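Per-entry structural report
Listed below are the residues making up each chain.
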Amino acid sequence: MTTILYGSTTSPYVRRIRLLLEDSDYQFEPVNVYEQTARQAFSDISPIRKLPVLKIDDNVIYDSGVISQYWLMQAGADPLTVQQHNLISAVDAATDSLIIIMQSKNSGLTVDESKLFYDLQIGRVEACFDWLETQAEQGAFAQWDYPTIALLTLVGWVEFRQLRDLSVYPAIEAALAPFANRPSVLATVPQA
Ligand SMILES: N[C@@H](CCC(=O)N[C@@H](CS)C(=O)NCC(=O)O)C(=O)O
């Protein structure tokens, strides 16, 4: 069986899958989706043109949520609970809005709350982090599972890109601290 993970060393979504596959044998294939020629070529693998993509022999899986579900199911793990899905949805929503804001800035657009579109993104990021902080206070991220992996990759990416001051979320910081020195976490720290 040949397993290939198409990704980048900066993407929080790719990092989730790298952490999930930490003990598995796979090839990592870097793709720069922000470079036109590479993006065109990547279309042959995924019409969605987003990272990560996992290829297992001839089977291609496009989205980190689907990849993780598939991987956990193959490993015989219990299905995720509704609460775990909600945690992941909140992390995804904050991540997606921050990606939109970053892509807007990289496109030369002015990001401010006077425009409804950016007001929605900025408000969603704040609301999700506030809610995740409450969940962290209640122990939602006490174990190394997929919601914790997702949160860790969001926080690591926000710090790497210097997008927010996360010291205002002490429960999130405290919840993730025990996992900071896992070999797979250290090996996947975002790198430009
Ligand atoms: N829902 C997707 C989101 C993946 C995603 O947004 N990946 C970013 C990198 S972090 C990407 O490839 N963006 C390229 C683009 O937006 O064109 C997933 O969970 O895999």
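Computed from a predicted structure; not experimentally measured.

A few points about the environment of Tyr146
Position of Tyr146 relative to the elements: it lies in helix α6 (residues 146-161). When neighbours within four sequence positions are excluded, Tyr146 is seen to be in contact with Leu20, Ser68, Leu72, Leu80, Gln84 and Ile88.

Concerning the pairing of strand β1 (residues 3-7)
Each regular strand shows side chains that alternate between the opposite faces of the sheet. As defined by bridge partners, β1 adjoins strand β3 (residues 53-56) across four bridges and the pair is classed as antiparallel. In the sheet register, Leu5 faces β3, and the bridge partner there is Leu54. Where β1 lies against strand β2 (residues 27-30), four bridges are found, and the strand directions are parallel. Residue pairing for β2: Ile4 is matched across the bridge by Gln27. Note that the unit made of β1, helix α1 (residues 12-20) and β2 has a crossover that is right-handed.

A closer look at the sheet that holds β3
Reading across the sheet, the four strands line up as β2-β1-β3-β4 and stay open at both edges, with mixed pairing between neighbours. Both edges of this open sheet fall to β2 and β4 (59-61), since each of them pairs with a single strand only. Ignoring which end each strand starts from, the neighbouring axes of this sheet average 20 degrees apart.

Considering the UniProt feature "domain: GST N-terminal" (unreviewed entry) in the protein
Per the UniProt record, the feature "domain: GST N-terminal" (unreviewed entry) sits at residues 1-79. In the segment residues 1-79, helix accounts for 34% and strand for 20%; the C-alpha atoms at its two ends are 25 Å apart.

Criteria and cut-off values
Residues numbered from 1 in each chain as written. Predicted model: local features only at pLDDT ≥ 70, side-chain atom pairs only at ≥ 80, totals over all residues. Helix = DSSP H or I, 4+ residues; strand = E, 2+ residues; numbered from the N terminus. Contact = placed C-beta atoms within 7 Å. Pairing = 2+ DSSP bridges. Right-handed = clockwise from strand over helix to strand, strands pointing away. Axes fitted to C-alpha atoms, helices over the stretch in contact; angles between N-to-C directions. UniProt positions renumbered as here; feature names shortened; annotations may be inferred.

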